[in-house]
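What follows is the residue order along each chain.
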Amino acid sequence: GAVVSQHPSWVICKSGTSVKIECRSLDFQATTMFWYRQFPKQSLMLMATSNEGSKATYEQGVEKDKFLINHASLTLSTLTVTSAHPEDSSFYICSARAAGTPYEQYFGPGTRLTVT
Amino acid sequence: AQSVTQLDSQVPVFEEAPVELRCNYSSSVSVYLFWYVQYPNQGLQLLLKYLSGSTLVKGINGFEAEFNKSQTSFHLRKPSVHISDTAEYFCAVSDYGDSRLTFGEGTQLTVNP
């Protein structure tokens, strides 16, 4: 149980275009989802926290207009990187928290974004 | 604000040897502590967590960790490692009442034959 999927697993896009990444909880309802980015050989940095049906809370230094997060249902959150640039190339990982397990996050497999 | 320090960026060991991956944290409030493992190009898998109770926590794959409040540490141990344990290991902390996680920089464990 507690499986989280991400789609796509990798994506290449051209500079200036937008790309959407989906995060789904497959067998539980995710009251909260988190989005992280990870640069090569580095740790995970929390970008934002989203609760179903409300606006995401962004961490300091994260551009909310560039990284659009939508958590429209209890099983789906999306991250849209708008007007992507090469410096946005990274590994994006989502995680989900279920109701009743407030301190455990279940992680997706990640999405590798390369902007050319 | 909280922070997590993993004292070793890389730990090479031989197969069947014991290993300890060190983690220290700082926080002004009570915390919950976690260890995750990440294999190349994959997400994170929870190894173990400390929420309350016994300070010695046992996790999956033969790993265990001990919470030491006075030393603000949560070191991960395994008595005998396998080649398949080669991966990146992350220590993480969340403040009591806050579900967000702060991660350490990670420790690359490499198990050699």
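Not measured: the values here are computed from a predicted model.

> Pulling in residues and values, what's your account of the environment of A:T17?
All names here are of chain A. Relative to the elements of secondary structure, T17 occurs in the loop between β2 (10-13) and β3 (19-25). As for T17 and Q29, which are separated by 12 residues in sequence, their C-alpha atoms are 31 Å apart. Not counting chain neighbours up to four residues away, the residues in contact with T17 comprise V81, T82, S83 and A84.

> Give a detailed account of the interface of chain B and chain A, specifying residues and quantitative values.
By a widely used convention, the size of an interface equals the accessible area lost when the partners come together. Tallying the contact residues gives 23 residues for chain B and 20 residues for chain A. Between chain B and chain A, a total of about 1600 Å² is buried, with carbon and sulfur atoms accounting for 55% of that surface. Here chain B and chain A share two salt bridges between them. A salt bridge links A:E59 to B:R100, with the nearest nitrogen and oxygen atoms 3.0 Å apart. Taken together, chain B and chain A are joined by six residue pairs in polar contact (both at pLDDT 80 or more). Those elements giving two or more residues to the side of chain B that touches chain A turn out to be β5 (31-38), β6 (44-50) and β10 (87-95) of chain B. Broken down by class, the residue content of the side of chain B that touches chain A amounts to 10 nonpolar, eight polar and five charged.

> Tell me about the pattern of salt bridges, and name the residues and values.
Going through the model one piece at a time under the given rule, you end up with 10 salt bridges over all chains. One salt bridge connects B:D8 with B:R22, and the closest N-O pair in it is separated by 3.0 Å. Remark: B:R22 occurs in the loop between β3 (19-21) and β4 (23-26) and B:D8 occurs in the loop between β1 (3-6) and β2 (10-14); sequence separation between them is 14 residues. Judged by its relative accessible area of 32%, B:R22 is partly exposed. When the shortest N-O distance is used, the salt bridge between B:R100 and B:D98 registers 2.8 Å. Judged by its relative accessible area of 33%, B:R100 falls in the partly exposed class. A residue is classified by how much of its surface remains accessible, and B:D98, at 24% relative accessible area, is partly exposed. One network of salt bridges, with partners in common, ties together A:E59, B:D98 and B:R100.

Cut-offs applied
Residues numbered from 1 in each chain as written. Chains lettered and ligands numbered in written order. Predicted model: local features only at pLDDT ≥ 70, side-chain atom pairs only at ≥ 80, totals over all residues. Heavy atoms only, no water. Helix = DSSP H or I, 4+ residues; strand = E, 2+ residues; numbered from the N terminus. Contact = heavy atoms within 4.5 Å. Buried area = accessible area lost by both parts, 1.4 Å probe. Salt bridge = Lys/Arg side-chain N within 4 Å of Asp/Glu carboxyl O. Polar contact = N/O pair within 3.5 Å; in protein donor to acceptor, adjacent residues only side chain to side chain. Nonpolar A, V, L, I, M, F, W, Y, C, P; charged D, E, K, R; others polar. Buried < 20%, exposed > 50% of the residue type's maximum accessible area, 1.4 Å probe, protein only.

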